[in-house]
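Results of the structural survey
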Amino acid sequence: MDRGRATRSRRGTVSRRSTAQRRGIAIGVTVATVAGLAAVTWPALAGEDPPRSESAPSGPARQLVDALRRDLSLTEPQARARLEREQWARATTQRLRTELGTGYGGTWLAADGNRLMVAVTDQAAAARVRAAGAEPKLVTRNSRQLDTVKAGLDRIADDATPDIAGWYVDVSNNRVVVRAQPGTEAAVRRFVRASGAPAGVVEVVASAEAPVPLIDVRGGDPYVIDDRARCSIGFSVVGGFVTAGHCGAPGATTSSPDGVAQGVVSASSFPGDDWGVVETNDDWVPQPVVNDFDGGTIPVAGGQEAPVGSSICRFGATTGARCGTVEALNATVVYPEGTVTGLTRTNVCAEPGDSGGSWISGDQAQGVTSGGSGDCTVGGTTFFQPLTEILQVNQLTLVTTANGPAAPPADPPAATDPPAASEPPATDPPAASEPPATDPPAATEPPSPPPGSECAGHKVRKAATLGAGHRQVQPAGRYFRAGHGRQVGCLDGPVGANFDLVLQRWSRGGWRTVAVSAGPTADESISYRGSAGFYRYRVESRRGSGPYTLGFSVR
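Heads up: these notes are all about the structure in this document.

Parameters at a glance
Residues numbered from 1 in each chain as written. Predicted model: local features only at pLDDT ≥ 70, side-chain atom pairs only at ≥ 80, totals over all residues. Heavy atoms only, no water. Helix = DSSP H or I, 4+ residues; strand = E, 2+ residues; numbered from the N terminus. Buried < 20%, exposed > 50% of the residue type's maximum accessible area, 1.4 Å probe, protein only. Contact = heavy atoms within 4.5 Å. Areas by Shrake-Rupley, 256 points an atom, 1.4 Å probe, with all protein chains shown as cover. Disulfide = S-S within 2.5 Å. Core = buried A, V, L, I, M, F, W, Y, C linked by side-chain atoms within 4.5 Å. Phe/Tyr/Trp six-rings, centres within 6.5 Å; stacked < 30°, edge-to-face > 60°. Pairing = 2+ DSSP bridges. Axes fitted to C-alpha atoms, helices over the stretch in contact; angles between N-to-C directions. Parallel < 35°, antiparallel > 145°, perpendicular 65-115°, else oblique. Left-handed = near helix turned anticlockwise from the far one by under 90°. Arc of directions from axis to C-beta. Salt bridge = Lys/Arg side-chain N within 4 Å of Asp/Glu carboxyl O.

1. Some words on the overall build of the chain
Within the chain one finds seven helices and 32 strands. Taking all 555 residues of the chain together, the buried fraction comes to 50%. The contacts in the chain between residues at least 6 apart in sequence include a share of 66% that link residues at least 24 apart. A total of about 25400 Å² of accessible surface is found on the chain, and carbon and sulfur atoms cover 53% of it.

This is how it looks when you write it as structure tokens:
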């Protein structure tokens, strides 16, 4: 293991360009502004099939009825009756909320889904509830008072520790509930008192919940760069996704169209090439799929290159799914910003905002949209940056149906079907071998590391197995408290694999990365001096799989 390595940054950047130059993307590149799909060299969006005029079906949708039958163990008549009752309950709730004013304490349906319960603070309100066909329950606090207590907790949300899973108004019990990790209730009650909540209104409940927002990364979906321009996601890779290089310079921030923080451009190249890599935060889960723009997704099984003449389809946030054929490989295109080589030429159309989007032949990923000419009204020529180069240059692993989240065990390929170069070898262990997040922390009684491990000298040690393309949080899916000082982490991984080591600190209500070691092997080390707080390590597989030992200390 290279002990000389300290904290390292992510992959290096390629071909940096000025912000002004990137804003001036012109012919052939398909970037859209956030304010609207302003034409760059493409005419306005057209060519979509006009929407069909269909009468709305009567009654609840069949899919909804079937889902209720499955998940609530109902018969079809029971499911339909419940949906009708809930429709009445929604309208009645809205009316009573307005009529009762300060006497209203909230509504809920009883467990049987039949009775509409209404919390009220006086007998006059109770009479009005009965007249509406609902059942009153007398309480001491109205809904506005409960909402005020919750708002007080919201104001100090940045002071919440990872011991707290969250809080909410429990209308059926006329209280506010805060859920906390078992054993931390006393500390959480101090947090509640700091909010100014009146005594007896808030109840701290022990719970093993550890919620995290999980947002799928899907090919073809839109994303926003520096709140100024819009492009499309290409394909999921371990730790993020690939897209077009002209969409953003290294360091540019990305978000969803509705403003949810997504990640940062860790590397890009344009001109010369036209590829970019976005490293997403922990809220986003790269999935081995592409949005088919028809209510479903298309699986990505690998990355074998399609020959000239093959059918190919492009997926982008502006014009959705468009198909054609491959006309040439290794094409050179002269853009006003410079020459780009090694592109693939197609007879598929594209428009602003489609940049960076996915290209698929069958179930094999091909590349990301670069640029072209024409539009989807009259047709056009579009070029894409082949995926293989992006993966190789940046040492990335394509997320596929074989190695993606919750990937099922793969059937062995037929003898005549060679595996795609980007798929993991058949010997990779399935994701099920990873320890569940509910394992108890092992900080005080760590397992013995393998004999000869270079990480054996640390105070805390964790031995585990990591599947290809996966991440694990240590210790045992949790976190640890550390005082002020220097934190030293050591990762000893399998030969031939490429694992990264990340140190994160809980800050302002979320986990923030404070140090990264991302060398070319599975042996990494981190040295970080920080203040007291909550910390955790994250082990990531960029390539390969196998057992590892993580050791860490605070000095």
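After presenting the structure, the write-up continues.
2. Some remarks on the state of the cysteines
Evaluation of the coordinates by the stated rule reveals three disulfides. Note that Cys231 is cross-linked by a disulfide to Cys247, the S-S spacing being 2.0 Å. The chirality of the disulfide connecting Cys231 with Cys247 is left-handed, given an S-S dihedral of about -95°. Within this pair, whereas Cys231 is found in strand S10 (residues 229-232), its partner Cys247 is found in the loop between strand S12 (240-243) and strand S13 (253-255), the two being separated by 16 residues in sequence. Cys231 gets classed as buried once you look at its relative accessible area, which sits at 0%. Taking relative accessible area as the criterion, Cys247 reaches 7% and is therefore assigned buried. Here Cys313 is linked by a disulfide to Cys323, with a sulfur-sulfur distance of 2.0 Å. Across the S-S bond linking Cys313 and Cys323, the dihedral sits near 105°, which makes this disulfide right-handed. Within this pair, whereas Cys313 is found in strand S18 (residues 311-316), its partner Cys323 is found in strand S19 (residues 320-335), the two being separated by 10 residues in sequence.

3. What about the nonpolar core?
Phe499, Leu501, Leu503, Tyr537, Val539 and Tyr548 are the most contacted members of the largest nonpolar core, which has 20 residues in total. For Val539, the residues in contact, after removing those within four places along its chain, are Leu466, His470, Arg471, Gln472, Leu491, Phe499, Asp500, Leu501 and Tyr548.

4. Description of unusual backbone geometry
Omega for the bond connecting Phe270 with Pro271 falls within 30 degrees of zero, at -10°, which places this linkage in the cis form. Within the secondary structure, Pro271 sits in the loop between strand S14 (261-269) and strand S15 (275-280). Within the chain, Asn330 stands out as a residue other than glycine whose phi angle is a positive 55°. Its location among the elements puts Asn330 in strand S19. By relative accessible area, which is 61% here, Asn330 ends up exposed. Positive phi, close to 55°, is recorded for Gln395, a residue that is not glycine. Along the chain, the position of Gln395 falls in the loop between helix H7 (387-394) and strand S24 (460-466).

5. Focus on the packing of aromatic side chains
The full count for this structure, using the stated rule, is 11 aromatic pairs. Ring geometry for Phe499 versus Tyr548: centroids 6.4 Å apart, planes at 85°, classification edge-to-face. On the criterion of sequence distance, the pair formed by Phe499 in strand S28 (residues 498-507) and Tyr548 in strand S32 (residues 546-554) is long-range, its members being 49 residues apart. According to the relative accessible area criterion, Phe499 is buried, its value standing at 0%. For Tyr548, a relative accessible area of 2% puts it in the buried group.

6. Looking at the pairing of strand S31 (residues 533-543)
Of all the 11 residues making up S31, 10 are buried; the element is thus mostly covered by neighbouring parts of the structure. With four bridges joining them, strand S25 (residues 471-474) and S31 adopt antiparallel strand pairing. Bridging from a neighbouring strand, Val473 pairs with Arg538 of S31.

7. Thoughts on the sheet that holds strand S4 (residues 135-138)
Pairing is mixed across the open sheet formed by three strands, whose spatial order is S2-S3-S4. Sheet topology places strand S2 (104-109) and S4 at the edges, where each strand pairs with a single neighbour. Neighbouring strand axes in the sheet, compared pairwise and without regard to direction, differ in orientation by 25° on average. Here strand S3 (residues 116-120) pairs with S4 via four bridges, running parallel. Among the inter-strand pairings, Val120 is bridged to a residue of S4, identified as Leu138. Lying over the sheet, helix H4 (residues 123-131) contacts S3 and S4, oriented at roughly 160° with respect to S4.

8. Some remarks on the packing of helix H2 (residues 62-71) against helix H3 (residues 76-100)
Closest axis-to-axis distance for the H2/H3 pair is 9 Å, and the angle between their directions is 110°. Put simply, H2 runs roughly perpendicular to H3. When the axes of H2 and H3 are compared, the crossing they make is right-handed. Across the interface between the two elements, Arg62, Leu64, Val65, Leu68 and Arg69 of H2 pack against Glu76, Ala79, Arg80 and Leu83 of H3.

9. Topic: H7
Considered for burial, the residues of H7 that qualify are Leu387, Ile390, Leu391 and Asn394. An end-on view of H7 places all buried positions within 95° of arc, on one side of the element. Among the structural elements, strand S11 (235-237), S12, S14, S15, strand S22 (364-375) and strand S23 (379-386) are those in contact with the buried residues of H7. Two residues or fewer past H7, Gln395 is found with a positive phi of approximately 55°.

10. Looking at the sheet that holds strand S5 (residues 164-170)
Strand order in the open sheet made by the three strands is S5-S6-S7, with mixed pairing throughout. Of all strands in the sheet, those bounded by a partner on one side alone are S5 and strand S7 (202-206). Ignoring strand direction, the axes of neighbouring strands in this sheet form an average angle of 20°. In the sheet, S5 pairs with strand S6 (residues 175-180) via six bridges, with the strands oriented antiparallel. Bridging across to S6, Val169 finds its partner in Val176. Each of S5, S6 and S7 is contacted by helix H6 (residues 185-194), which is oriented at about 155° to S7, the strand it contacts most.

11. As for the pattern of salt bridges
Pairs may arise between side chains of opposite charge once their charged atoms sit close together. Tallying each qualifying case throughout the model produces 22 salt bridges. Notably, a salt bridge pairs Glu76 with Arg62, separated by 3.1 Å at the nearest N-O pair. Of this pair, Glu76 sits in helix H3 while Arg62 is found in helix H2, placing the two residues 14 residues apart along the sequence. Residue Glu203 pairs with Arg175 through a salt bridge whose shortest N-O separation is 1.9 Å. Taken together, the positions of Glu203 in strand S7 and Arg175 in strand S6 put the pair 28 residues apart, joining distant regions of the chain. Exposure remark for Glu203: the relative accessible area of 36% places this residue in the partly exposed category. Via salt bridges that share partners, Arg62, Asp66, Arg69, Glu76 and Arg80 belong to a single interconnected network.

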